[in-house]
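# A look at the structure
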Amino acid sequence: FPDITELLNYLPEKRTLNYLFINNQKLGFVNMASEAGMTQADFSNGSALADLDGDGDLDLIVNNLESPAYIYRNDVTGEHWLQIEAREKKENTFGIGTSVDVFTQGMHQHGIINTNKGFLSGSEPLLQFGLGEFLSVDSIILLWPEGSKEIMLNVKADQRIIWHPGSGIPYKEHPITKPAPLFEKSNPFPVWTHQENIFVDFKRERLLPYMISADGPCMSVGDVNGDKLDDVYVGNGSGFSKALFVQNQKSNFILSDNPAFIKDSTYEDCGSVLKDFDGDGDLDLVVVSGGSSFNLNDVHYMTRFYINDGKGVFTRSPDFPIIRTNAGAVIAFDFDQDGDDDLIIAGRSTPGRYPESPRSYLLRNDKGKFKDITHDVFPELENIGMITDMETGDLDGDHHAEIVFVGDWLPISIFSYDGKKFVNKTASFGLDKSTGWWKCISLADMDDDGDLDIIAGNTGLNTRLVTNEQNPITLITKDFDGNGSLDPIMAFYFKGQLYPFAERDDIIGQIPALKKKFNRYGIYSTATIGDIFTKSELSGSTSLTLNTLETVYLVNENKKFIAHVLPVQAQLSPVYDMIIEDFDHNGKKDILMAGNFNYAETETGEEDAGTGTLLLQNTDGSFSYIPNMEHGFWAQGEVRELKEIQMANGNKAILTGNNQGPLEYHIIRKVK
């Protein structure tokens, strides 16, 4: 082609719709272009905002290539507003860089005058503030670029203010006495860091949605040497020594030398519990092993039982059932009410065969001697699923504790012991559709009505993954290519069709035979699950669904659990652990939660927006988010566990265990 324009005439063109994202007041945005009448497809490359008709709302001007510009008139009605123009006397006549704060009955809005808001586009130099139903604003504070401040008080709504230097009265900062934060960071522990052995789960299983080998550290708190002071056991990764910190009378912690822990450093600790299992008056220790980096049934998945000599020196007991499961949690409770604590060891995953259910176990304790009674008393544990946490409590008021399990692709599952066997009560409590990627579970009587409610930590909503009960993320699993390994295909619904999450290279890496069918990326880009696999190939596959990713507060109402909304800040990152406590001493239980995760597959990316979230309960039962700068608790690492600990000096503190990070410690201040 001698002329490039001739070539361009042969190229296809695709005019696209524009987007109009409206703030949903939940730290998110919703595309409302269609509802706003923006249904024209074009080659748009610039936009500007201006109140062209002077009616108090911003109109939109859109520039297009090879077609006329669009002007969208804003016809919002019934809402009050305020516009501010800043006019300086010198060169900056439009007041560029001027910032304005508007305060209206507890609502605070902030804006900075900046006309550059689109490609080669200049918007009208004004600030627009929506006031909703309010007919006036309490105050407006304007900061000129040179640094001086002015204020206006009791300003009527529905007007444009032309603000010149001197239009307001000079504003002087008034120091505000802030209350002391609820938490104070300290460091009574010697330098210690949790470490992980190097293992990349995706090299063994290409289609995993996340790594499972980074679940530590686990922590347990209790008085191990009989001095009536809380001590701390902290697990570590495979190849690294575990730690026992003993508290002294000065509220400092000393690293105790325990040869048994050094000898067992090859195990990866993923759960622990301190209890007096043998009835001799001191706390013994059970530690479950996991990490998923070893092969199925490897000796490194052994559960270990350490007997305390009463002085905080532990010796591993050889008289314990051989349990080799890649575990994720352990809990002690006296299910048969015979006076000693029994054990449930929860399987986290089956190494190399995701999402195949691992074995979990129920061990009966007879004066320090444990026996595996899973098959006879709790057979569902043999195939319950991938468990991440569990808790016990009397949920139905019959004076017998239920046990609640959470995990990946599982509903919040509740079992009751009927005197002979454990019975699944999940559906009767209304939780059979609550499948999630659950990280933790807590039980507490949050509303003070005499029964236990549930707070469950999930992945959160700050992720590319979107799911609900009507269109759930679905995991289809089968050995599709017959090579002896499971092929987990995670899929999502779009316009009624099920599409794979995995990119072409990843799915072909797992199932090489698909390369012949999808020899081009374009073909695979529109392929549904039905296009990838025939009906006969899908026959015999298993299917798991993910109905929610939301961290939830479930209120127990007549033995049915009803979801109540938590502030959106609770959904910004995965919640791996939480502590329920009345931190502000107003008579209502509050929630402190934390957790991040940096081991998801690359398309999902790191989930690390968590800084430690405090939700204070109000008198009406709702919760208010308190910024970290106000309450003083910070947990910005990959938190796996939180523990409350009693100090020798009478203080309580929060201990934070970080994956590949240090122990962090915050004193709970006593509110006066």
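Please read all numbers here as calculations on a predicted model, not as lab measurements.

Rules of the game
Residues numbered from 1 in each chain as written. Predicted model: local features only at pLDDT ≥ 70, side-chain atom pairs only at ≥ 80, totals over all residues. Heavy atoms only, no water. Helix = DSSP H or I, 4+ residues; strand = E, 2+ residues; numbered from the N terminus. Buried < 20%, exposed > 50% of the residue type's maximum accessible area, 1.4 Å probe, protein only. Contact = heavy atoms within 4.5 Å. Areas by Shrake-Rupley, 256 points an atom, 1.4 Å probe, with all protein chains shown as cover. Lys, Arg positive; Asp, Glu negative; His and termini not counted. Charge placed at Lys NZ, Arg CZ, Asp CG, Glu CD. Pairing = 2+ DSSP bridges. Axes fitted to C-alpha atoms, helices over the stretch in contact; angles between N-to-C directions. Polar contact = N/O pair within 3.5 Å; in protein donor to acceptor, adjacent residues only side chain to side chain. Salt bridge = Lys/Arg side-chain N within 4 Å of Asp/Glu carboxyl O. Patch = residues over 30% accessible without salt bridge, like charges linked within 9 Å, V, L, I, M, F, W, Y side chains within 5 Å. Phe/Tyr/Trp six-rings, centres within 6.5 Å; stacked < 30°, edge-to-face > 60°. Lys NZ or Arg CZ within 6 Å of the ring centre and 35° of its normal.

Tallying secondary structure elements over the protein gives 10 helices and 50 strands in all. Judged by the C-alpha coordinates and their principal axes, the protein covers about 85 × 70 × 50 Å. The buried share of the protein, reckoned over its 672 residues, is 50%. The long-range fraction of contacts in the protein, counting pairs at least 24 apart against all pairs at least 6 apart in sequence, stands at 54%. Total accessible area computed for the protein in this model is approximately 32,400 Å², and 52% of it derives from carbon and sulfur atoms. Distance between charge centroids for the protein: 3 Å, based on 57 positive and 99 negative side chains.

Moving on: the sheet that holds strand β46 (residues 613-617). Whether parallel or antiparallel, the strands of a sheet pair through hydrogen bonds between backbone atoms. The antiparallel open sheet is built from 4 strands, whose spatial order is β44-β45-β46-β47. The two strands at the open ends of the sheet, each matched to only one other strand, are β44 (577-581) and β47 (623-626). Between one strand axis and the next, the sheet turns through 20 degrees on average, direction left out of account. Pairing geometry for strand β45 (residues 590-594) and β46, over 3 bridges, is antiparallel.

Taken in spatial order, the 4 strands line up as β23-β24-β25-β26 in an open sheet, and their pairing is antiparallel. Unpaired on one side and paired on the other, β23 (269-275) and β26 (314-316) mark the two borders of the sheet. Recorded for the sheet is a direction-independent mean angle of 25 degrees between the axes of neighbouring strands. With 3 bridges connecting them, strand β24 (residues 284-289) and strand β25 (residues 304-308) associate as antiparallel partners. Directly across from Val287, in β25, lies its bridge partner Arg304.

Among the 5 residues in β45, 5 count as buried, and that is most of the element. By the alternation rule, side chains of β45 split into Asp590, Leu592 and Ala594 and Ile591 and Met593, which are all buried. The sheet contact formed by β44 and β45 spans 5 bridges and is antiparallel. Each bridged residue has a counterpart across the sheet, and for Glu581 the counterpart in β45 is Asp590.

Now for the environment of Val299. Within the fold, Val299 resides in the loop between β24 and β25. By relative accessible area, which is 39% here, Val299 ends up partly exposed. The spacing of Val299 and Ile508 is 209 residues in sequence and 33 Å in space, taken between C-alpha atoms. Leaving out residues up to four positions away in the same chain, Val299 has contacts with Tyr267 and Arg324.

Here the focus is the pairing of strand β28 (residues 342-347). With 6 of its 6 residues buried, β28 lies for the most part within the structure. Residues of β28 alternate between two faces, with Asp342, Ile344 and Ala346 on one and Leu343, Ile345 and Gly347 on the opposite face, all of them buried. Alignment of strand β27 (residues 327-333) against β28, held across 6 bridges, turns out to be antiparallel. What sits directly across from Ala327, in β28, is Gly347. As judged from the 3 bridges shared by β28 and strand β29 (residues 361-366), these two strands associate in the antiparallel manner. From the neighbouring strand, Leu343 faces β29, where its bridge partner is Leu363.

Following the sequence through the fold, Asp298 ends up in the loop between β24 and β25. On the basis of relative accessibility, which here comes to 21%, the residue Asp298 falls in the partly exposed class. Sequence separation of Asp298 and Thr325 is 27 residues, and the distance between their C-alpha atoms is 8.3 Å. Polar side-chain contacts of Asp298 include one of 2.7 Å to the side chain of His300.

Pro217 follows Gly216 through a cis peptide bond whose omega is 10 degrees. You can see Pro217 is positioned in the loop between α2 (201-204) and β19 (219-222). In the Ramachandran plot, Asn154 falls in the positive-phi region, its phi being about 50 degrees despite a non-glycine side chain. Residue classification places Asn154 among the exposed residues on the basis of a relative accessible area of 63%. Phi at Asp448 is positive, roughly 55 degrees, even though this residue is not glycine. With respect to the helices and strands, Asp448 occurs in the loop between β36 (440-444) and β37 (453-457). When its relative accessible area of 41% is taken as the criterion, Asp448 is described as partly exposed.

With the rule as written, the count across this model stands at 27 salt bridges. Salt-bridge contacts for Asp505 lead to Arg504; the nearest nitrogen and oxygen are separated by 3.3 Å. Asp505 gets classed as partly exposed once you look at its relative accessible area, which sits at 42%. The partner of Lys643 in a salt bridge is Glu641, with the nearest N and O atoms 3.8 Å apart. When its relative accessible area of 26% is taken as the criterion, Lys643 is described as partly exposed.

Together, Ile4, Leu7, Leu8 and Leu11 make up a nonpolar patch on the protein surface, roughly 370 Å² of accessible area in all. Tracing the chain through its elements places Leu7 in helix α1 (residues 4-10).

Right, let's get into the side chain of Gln109. Mapping Gln109 onto the fold places it in strand β10 (residues 107-112). Of the polar contacts made by the side chain of Gln109, one reaches the backbone oxygen of Gly130; its length is 2.9 Å. Ignoring sequence-local partners within four residues, the contact set of Gln109 consists of Val100, Asp101, Val102, Phe129, Gly130 and Leu131.

Under the counting rule described, the total for this entry stands at 38 aromatic pairs. Judged by centre distance (5.6 Å) and plane angle (65 degrees), the rings of Phe277 and Phe370 are edge-to-face. Here the residue Phe277 occupies a position in the loop between β23 and β24, and Phe370 occupies one in strand β30 (residues 369-372), the gap between them amounting to 93 residues. Considered together, Phe277 and Phe370 belong to a single accessibility category, that of buried residues. Measuring from centroid to centroid gives 5.5 Å for Phe518 and Tyr524, while their planes differ by 80 degrees, and the two rings are edge-to-face. Its relative accessible area of 7% is what places Tyr524 among the buried residues. Among the aromatic side chains, those forming a connected cluster through ring pairs are Phe333, Phe335, Phe378, Phe405, Phe415, Tyr417 and Phe422. Across the ring face of Tyr210, the terminal group of Lys439 is positioned such that the distance to the ring centre comes to 5.6 Å. Above the plane of the ring of Phe597 lies Lys439, whose end atom (NZ or CZ) is 5.9 Å from the centre.

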